[in-house]
Amino acid sequence: ETGVTQSPTHLIKTRGQQVTLRCSSQSGHNTVSWYQQALGQGPQFIFQYYREEENGRGNFPPRFSGLQFPNYSSELNVNALELDDSALYLCASSPGTLYGYTFGSGTRLTVV
Amino acid sequence: RKEVEQDPGPFNVPEGATVAFNCTYSNSASQSFFWYRQDCRKEPKLLMSVYSSGNEDGRFTAQLNRASQYISLLIRDSKLSDSATYLCVVNGRGYGGATNKLIFGTGTLLAVQP
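Residues numbered from 1 in each chain as written. Chains lettered and ligands numbered in written order. Predicted model: local features only at pLDDT ≥ 70, side-chain atom pairs only at ≥ 80, totals over all residues. Heavy atoms only, no water.

Engineer: Go over unusual backbone geometry with me, naming the residues and quoting the values.
Structural biologist: A cis amide bond, omega -10°, links Ser7(A) with the succeeding residue Pro8(A). Its location among the elements puts Pro8(A) in the loop between strand 1 (5-7) and strand 2 (10-13). Look at the link from Gly9(B) to Pro10(B): it is a cis peptide, with omega at 5°. Phi at Arg51(A) is positive, roughly 50°, even though this residue is not glycine. Looking at the secondary structure, you find Arg51(A) in the loop between strand 5 (44-50) and strand 6 (53-57). At Glu52(A), a residue that is not glycine, the phi angle is positive and equals roughly 75°. Here Glu52(A) is to be found in the loop between strand 5 and strand 6. With a relative accessible area of 39%, Glu52(A) lands in the partly exposed category. (Helix = DSSP H or I, 4+ residues; strand = E, 2+ residues; numbered from the N terminus. Buried < 20%, exposed > 50% of the residue type's maximum accessible area, 1.4 Å probe, protein only.)

Engineer: Could you give an account of the nonpolar core, naming the residues involved and the relevant values?
Structural biologist: Generally speaking, a soluble globular protein has its nonpolar side chains buried in company with each other. If you look at the biggest cluster of nonpolar residues, it comprises 24 residues, and the most contacted ones within it are Phe21(B), Trp35(B), Ile71(B), Leu73(B), Ile75(B), Tyr86(B) and Leu110(B). For this core, the secondary structure elements donating two or more residues are strand 3 (19-25), strand 4 (33-38), strand 5 (44-50), strand 7 (60-65), strand 8 (70-75), strand 9 (84-91) and strand 11 (108-113) of chain B. Setting aside chain neighbours within four positions, we find Ile71(B) in contact with Phe21(B), Asn22(B), Cys23(B), Tyr25(B), Phe33(B), Trp35(B), Val50(B), Gln63(B), Leu64(B), Cys88(B) and Val90(B). Grouped together as the second largest cluster of nonpolar side chains are 20 residues, Val19(A), Ile46(A), Ala87(A) and Val111(A) included. (Core = buried A, V, L, I, M, F, W, Y, C linked by side-chain atoms within 4.5 Å. Contact = heavy atoms within 4.5 Å.)

Here you go:
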C-alpha cells in the first residue's frame, strides 16, 4: 500500500509568481485535504476535495485554488505569491470517513 | 479564541519521566479527536485517536472530557525518541462544509533529556 506522495519536496519562487504543488493520495482514499504550516504553528486547513469536488474551504483567499482528478490525486495552485506564503504545504488523504488522515511529507515553499 | 488550544512548551523532561499534555477545543459539536506527532521538519503522523472512554496504547494514554471540551495525552517512562512536537487535533464536523476538516493546535514541544 503506497502512502501519500507530494512533489516537489522543496521549491523557491519569487513574489508574484504562481506555483502548482502535486499530491498522490493513498490507495483507496477518495478525500484529499491541503494544509499550510508556517514555522512554529500547527497546520492550517486550506481546502478539501471529495470525489473531484471542493468540499470545504478554510480562511484562505481565492488565489489558493485546487483540483482533484479522477484517480483522486490533487493539485494546489497559488497565484500571485506573497512572502507570507512561505510555509510547508501538506497534503493528506482519508478514506472519507471520520478517521485520521495520512499526511504526505510536504512541499516546503520559500517565496523570496 | 483559538479553536484548539495547547501549551506550546517546551517541556524538558528527563528520560523515564511521566509527562502530560493538555488541550482544549471550542466547538462542542466536534466528534473526533486525535493526537498527532510531528518530528522536526517532517509531516504529522497519527499517534492515536482519543475516545470518550479513554484509551491506552503502550506508554501512551489519551483521555477526552466532552463536558469540559478537554483532551489530554499522558506519556509514561519517556524515551529520548519521544522528543517531538505533539499536536492536538479535532475533527471539524460542526464547522460546516468539510466533514473531515482537521483543526490543529499549535503543538507542544517535548524534549526528553538523557
